2 protein chains.
Amino acid sequence: MHAIREAMATMHKRSEEIPPVSKAVESLVRQVIAQVADKWTMLVLEALEEHGTLRFGECGRIVGGISQKMLTKTLREMERDGLVVRTVHPVIPPHVDYTLTELGRELSAAFCGVWTWAETYHAEVSAARRAFREREEG
Amino acid sequence: MHAIREAMATMHKRSEEIPPVSKAVESLVRQVIAQVADKWTMLVLEALEEHGTLRFGECGRIVGGISQKMLTKTLREMERDGLVVRTVHPVIPPHVDYTLTELGRELSAAFCGVWTWAETYHAEVSAARRAFREREEG
DNA sequence: TTCGATACGCACCAAAAGGAGAGTGTCGGC
DNA sequence: GCCGACACTCTCCTTTTGGTGCGTATCGAA
């Protein structure tokens with residue numbers, strides 16, 4: 001009945017009762033990972049890495065399929081985390097551009113492995129999905 | 001007034017009107033990335049990489065802070081994508097365990113760079129956030 | 001005999017993600 | 001003189017995400 005509640009309680013307790021000093025660091029790392037391992041962040045990062053400095057609209061066009069709202073939000077978060085620098089040129093009409101910082105470039109390089117993996121193995125993933133569906137339905 | 005609508009329409013049109021042959025592949029890669037660049041997927045991947053074969057409950061305890069529902073969902077998706085193998089031992093009480101496939105291990109290795117980045121630079125990210133907040137509020 | 005353990009599925013609900021559309025202010029081109 | 005471009009912001013609205021709690025089957029232990 002409440003077996004699961006206790007099981008999950010234990011699950012949580014175990015991870016909270018053992019704070020091996022570096023618990024704060026691990027939490028931070030997780031937070032950073034969760035933030036950064038975002039679809040749009042990855043895509044924007046890629047766009048900026050490939051094209052260098054980009055304006056808001058350019059960036060949206062290159063990424064493709066992103067709404068203004070999400071583009072604004074993603075770029076703001078990246079700026080906040082020190083991944084991009086936002087430069088406002090006070091002219092009319094407004095001109096704002098975004099450039100990767102060193103931190104951003106490093107992250108982009110780190111993500112490179114994942115991109116390569118996806119490009120290398122997407123066929124295998126598709127095959128696995130087909131096989132899974134057939135096993136389920138067939 | 002409807003300037004933006006047109007701008008965004010153009011934004012989308014551009015990316016949809018130019019299908020440079022590898023458009024399908026890019027779409028697939030993006031889909032795979034979006035799937036795989038998930039917080040829980042990364043965490044489970046890490047747990048399995050570090051501990052080898054794990055049971056459902058063990059996995060939850062190691063990842064920490066994940067609900068059953070999300071753990072089930074994450075593991076199912078990973079199985080579907082060919083990242084883990086799910087083995088059911090038909091005993092009572094039930095015993096199910098999960099192991100990374102070669103594909104999963106490759107992905108884990110690819111993510112290694114991101115983990116390293118996060119561990120290396122989390123302090124910089126924190127600093128950037130503080131600076132951003134001070135610039136905004138102060 | 002009743003409880004605890006296992007690995008879930010299901011129903012319900014709250015919160016967050018994300019899209020659509022309108023509005024803003026100014027300028028240069030038609 | 002009016003419209004389009006820029007880089008947004010703001011307000012709805014829908015979809016997705018994720019948590020909680022309950023139920024299940026069966027066995028061995030208390």
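Keep in mind the model is a prediction, meaning the values are calculated, not measured.

(A) Structural detail: helix α4 (residues 56-63) of chain A. Residue and element names in this part refer to chain A. Buried within α4 we find Cys59, Gly60 and Val63. Seen from one end, α4 has its buried residues packed into an arc of 100 degrees, which puts them on one side. Looking one or two residues beyond α4, the residue adopting positive phi is Gly64, at roughly 75 degrees.

(B) Up close: the relation of the copies chain A and chain B. With an RMSD of 0.1 Å, chain A superimposes on chain B once it is rotated by 180 degrees and translated 0.0 Å along the axis. Look at the turn and shift together and you get a two-fold axis relating the two. Measuring from the rotation axis to each C-alpha of chain A, the shortest distance belongs to A:Ala37, at 2.7 Å. Looking at chain A, 100% of its interface residues are interface residues in chain B too, so the copies touch through the same face.

(C) Up close: the sheet that holds strand β2 (residues 84-89) of chain A. All names here are of chain A. Pairing in this open sheet of three strands is antiparallel, and the strands run β1-β3-β2 from one edge to the other. A strand with exactly one partner marks an edge of an open sheet, and here the two such strands are β1 (54-55) and β2. Across two bridges, β1 lies against strand β3 (residues 95-100) in antiparallel orientation. Counterpart to Arg55 in the pairing with β3 is Asp97. Across the face of the sheet, helix α3 (residues 39-51) comes into contact with β1, β2 and β3 while running at roughly 90 degrees to β3. Packing against the sheet, helix α5 (residues 68-80) makes contact with β2 and β3, and its axis sits at approximately 115 degrees to β2.

(D) Empty space enclosed by the protein, seen in detail. Residue and element names in this part refer to chain B. Scanning the model with the defined rule gives one cavity of 30 Å³ or more in all. There is about 40 Å³ of room inside the largest cavity. Forming the walls of the largest cavity are Gln35, Val36, Thr41, Glu77, Met78, Asp81 and Leu83. Mapped onto the lining of the largest cavity, the elements with two or more residues apiece are α2 (23-36) and α5 (68-80). A breakdown of the residues in the lining of the largest cavity according to their chemical character gives three nonpolar, two polar and two charged.

(E) Geometry of the packing of aromatic side chains. Summed over the entire model, instances satisfying the criterion amount to two aromatic pairs over all chains. Measuring from centroid to centroid gives 5.9 Å for A:Trp117 and A:Tyr121, while their planes differ by 50 degrees, and the two rings are tilted. Taken together, the residues A:Trp117 and A:Tyr121, both in helix α6 (residues 102-137) and four residues apart, mark about one turn of the helix. Look at A:Trp117 and you get buried, because its relative accessible area is 4%. Residue A:Tyr121 is classed as buried on the basis of its relative accessible area, which comes to 19%. For the cation-ring pair, B:Lys39 lies above B:Trp40, with the distance from its terminal atom to the ring centre recorded as 4.3 Å.

(F) Representation of the environment of B:Val88. All names here are of chain B. Tracing the sequence through the fold places Val88 in strand β2 (residues 84-89). You can call Val88 partly exposed: its relative accessible area is 48%. Beyond its immediate chain neighbours, meaning those up to four positions away, Val88 contacts His95 and Val96.

(G) Expanded view of the environment of B:Val85. Residues and elements named next belong to chain B. Relative to the assigned elements, Val85 resides in strand β2. Since its relative accessible area comes to 41%, Val85 is described here as partly exposed. Through-space distance from the C-alpha of Val85 to that of Arg61 is 19 Å; in sequence the pair is 24 residues apart. Residue contacts for Val85: discarding those within four places in its chain leaves Asp97, Tyr98, Thr99 and Thr101.

Reading guide: rules and limits
- The residue numbering used here restarts from 1 in each chain and proceeds along that chain's sequence as written.
- Chains and ligands are labelled by the order in which they are written, letters from A for the one and numbers from 1 for the other.
- Given that the model is predicted, a residue must reach a pLDDT of at least 70 before its local features are reported, and side-chain atom pairs must reach 80 or more before they are shown or counted; all residues, however, enter totals for whole chains, interfaces and linings.
- Where side-chain values are given, they derive from all heavy atoms of the structure, hydrogens and water being excluded.
- For the exposure calls, accessible area comes from a 1.4 Å probe over protein chains only, and a residue counts as buried if that area is under 20% of its type's maximum, exposed if over 50%, partly exposed in between.
- Under the DSSP-based scheme used, a helix requires at least four consecutive residues in state H or I and a strand at least two consecutive residues in state E, with every element numbered from the N terminus.
- Picture the helix axis, draw a direction to every C-beta atom, and the arc is the one those directions span.
- Copy-to-copy superposition: least squares on the C-alpha atoms, limited to residues that have pLDDT of at least 70 in both copies.
- The contact criterion used throughout is that any non-hydrogen atoms of two residues lie within 4.5 Å.
- Criterion used throughout: strands pair if DSSP finds at least two bridges between them.
- Helix axes use the C-alpha atoms of the stretch in contact, all axes being lines fitted to C-alpha atoms, and the angles between their N-to-C directions lie in the range 0 to 180 degrees.
- Here a cavity means grid points, on a 1 Å grid over the protein atoms only, where a 1.4 Å probe fits yet cannot get out; a pocket means an open set of points with protein on both sides within 12 Å along at least five of seven lines; lining residues are those with an atom within 4 Å of a point.
- Grid points are joined across faces, edges and corners, and a volume is the space filled by probe spheres set on the points.
- Three categories are distinguished: nonpolar for Ala, Val, Leu, Ile, Met, Phe, Trp, Tyr, Cys and Pro, charged for Asp, Glu, Lys and Arg, and polar for the others, with Gly belonging to the last.
- Think of it this way: a Phe, Tyr or Trp ring, Trp meaning its six-membered ring, pairs with another when their centres are within 6.5 Å, and the plane angle makes it stacked under 30 degrees, edge-to-face over 60, tilted otherwise.
- In our convention, an over-ring charge means Lys NZ or Arg CZ found within 6 Å of a ring centre and within 35 degrees of that ring's normal.

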